[in-house]
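# Commentary on secondary and tertiary structure
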Amino acid sequence: MCSTQVNLPVVIEIEPTEHCNLRCRMCHVSYMPAEKRKLLDIALLENLRSLRGCYFIVGSSFEPTIHPSFDEILDFIELGDHRLELITNGTKVTPSFAERLTRLRTEIVTVSFDGIKKETYERIRRGAKHEEVVKGVRLLRRSLDGVGGLLAINFTVLRSSMSEMLDAVRFWDDIGVDQIRLISCVLRGDDAALLGESLWPVRGRYFDLLDEIARVVVSEQLRISVRSPYYASKSFRQKEICEPSGDCIFSSDAGSIVIPMNRQTFQVKFGGGFGPGDDCISPLVFARIASNGDVLLCNTIPVGNLAESSIEDIWHGDLARKLRQEIADNGEKCARCDYYKFCLKSNAIDLEDFSSSRSVKLSEKYSDDNALKAIVESAKRL
Ligand SMILES: C[S@@+](CC[C@H](N)C(=O)[O-])C[C@H]1O[C@@H](n2cnc3c(N)ncnc32)[C@H](O)[C@@H]1O
Ligand code: SF4
Ligand code: SF4
């Protein structure tokens with residue numbers, strides 16, 4: 001495989017900060033050491049100038065809007081004619097912020113909001129104010145309407161908040177949110193309080209509540225669509241409550257929208273066979289920029305730093321080429337790739353089968369020599 005055949009990336013995930021103004025109960029931020037955290041030096045954006053019209057995802061692991069130069073980051077995205085997807089806790093949304101987004105190609109804004117009652121929300125999202133963030137979501141709705149932008153809520157479900165899922169669906173539907181994603185909490189720490197929030201022991205009840213939500217969305221023709229990996233499961237489909245699109249349910253309301261999973265689509269859809277799912281092309285299309293300027297392929301593997309080189313030099317450089325070659329020659333990295341499993345193909349995880357939450361199924365794919373050979377051969381053709 002020749003690196004010069006690889007075009008510049010089309011999806012960029014950029015993390016402006018490595019810290020946050022909140023301490024959500026379930027989040028890795030609450031379990032990180034309190035040492036001084038990194039901020040992206042915005043001078044490094046110069047080294048991304050050659051990119052045009054990419055799909056920029058801003059802030060998927062920390063809180064992007066607290067960067068002191070967040071406005072300049074938006075200016076950079078606007079100047080590069082990039083499309084924008086923003087993920088935020090919503091605490092910094094002011095009228096001018098919401099208006100600013102209308103001057104960009106803002107496609108999707110996600111605000112994370114767990115539970116729906118004030119006391120639940122503020123107990124989980126430590127440091128946030130319920131009424132301020134609800135106000136922010138309303139502002140975003142009005143602004144995004146003007147530019148055809150889509151608005152989503154991420155509700156990370158804990159045992160103590162799962163009974164509020166249906167009320168949350170109704171509440172956000174009323175405000176005009178396009179989609180709510182019900183994300184099952186992954187346990188990041190092992191303190192007793194967090195372990196007590198695990199959904200696994202109460203999964204039967206959890207799935208019943210998700211069934212009920214599907215019935216309500218369909219029978220009351222709510223406009224909001226609802227994503228949950230459960231809706232892609234065999235057991236949900238067998239109940240024939242409705243026909244989901246992947247892991248998303250929606251009603252027959254004419255305004256219902258299944259918000260596309262653009263990052264995943266770019267990395268798996270156009271594939272010629274590069275990764276374990278036969279179609280992962282992540283290192284050919286996607287780069288993650290960490291707050292220290294590192295450029296990462298396959299989400300986690302650094303291949304250069306913007307303080308030292310431009311994105312072209314890094315993307316076509318020795319480390320990036322070596323990594324792509326290694327992946328093409330040897331399925332090992334992909335077989336152990338949690339990014340593929342949890343972030344690109346998470347709706348393929350069988351919730352009823354605990355072993356599928358490990359990389360075992362991927363390894364099984366490679367126990368078949370012919371399948372492995374076919375993948376390697378097609379990767380070499382890229
Ligand atoms: C880490 S946050 C970063 C973006 C932004 N600060 C926010 O809260 O939306 C991204 C998403 O991960 C979710 N999240 C946090 N901790 C999680 C956990 N333990 N399991 C699953 N999702 C989690 C958050 O609720 C949020 O929707
Ligand atoms: S706001 Fe986002 S990044 Fe911050 S602690 Fe909460 S989930 Fe984590
Ligand atoms: S290591 Fe993961 S992200 Fe990289 S090509 Fe393989 S499956 Fe895709």
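Computed from a predicted structure; not experimentally measured.

Thresholds, definitions, all that
Residues numbered from 1 in each chain as written. Chains lettered and ligands numbered in written order. Predicted model: local features only at pLDDT ≥ 70, side-chain atom pairs only at ≥ 80, totals over all residues. Near = placed C-beta within 6 Å. Nonpolar A, V, L, I, M, F, W, Y, C, P; charged D, E, K, R; others polar. Pairing = 2+ DSSP bridges. Helix = DSSP H or I, 4+ residues; strand = E, 2+ residues; numbered from the N terminus. Buried ≥ 20, exposed ≤ 12 C-beta atoms within 10 Å, placed from the backbone.

### A look at the site of ligand 2
Close contacts around ligand 2 come from Cys20, Leu22, Arg23, Cys24, Cys27, Val29, Phe62, Glu63, Asn89 and Ser112, and that covers them all. Classifying every residue of the shell around ligand 2 by side-chain character gives six nonpolar, two polar and two charged.

### Some details on the sheet that holds strand S8 (residues 179–184)
Taken in spatial order, the eleven strands line up as S10-S9-S8-S7-S5-S4-S3-S1-S11-S12-S13 in an open sheet, and their pairing is mixed. Each edge of the open sheet is held by one strand with a lone partner, namely strand S10 (248–249) and strand S13 (301–305). Sheet analysis places strand S4 (residues 83–88) next to strand S5 (residues 105–112), joined by six bridges and oriented parallel. Opposite Glu85, over in S5, you have Ile108 as the bridge partner.

### Focus on the environment of Ser235
As for its placement among the helices and strands, Ser235 is situated in helix H8 (residues 234–239). A sequence separation of 28 residues divides Ser235 from Phe207, and the C-alpha atoms of the two residues are 9.5 Å apart.

### Focus on the pairing of strand S11 (residues 286–289)
Alternating positions in S11 separate into two faces, Phe286 and Arg288 on one and Ala287 and Ile289 on the other, with burial throughout. Direction of pairing for S11 relative to strand S12 (residues 294–297): antiparallel, over a ladder of two bridges. Bridge pairing in S12 links Ile289 to Val295. Turn length for the S11-S12 hairpin, with the two strands adjacent in sequence and antiparallel, is four residues, and the turn residue Gly293 shows positive phi of about 90°.

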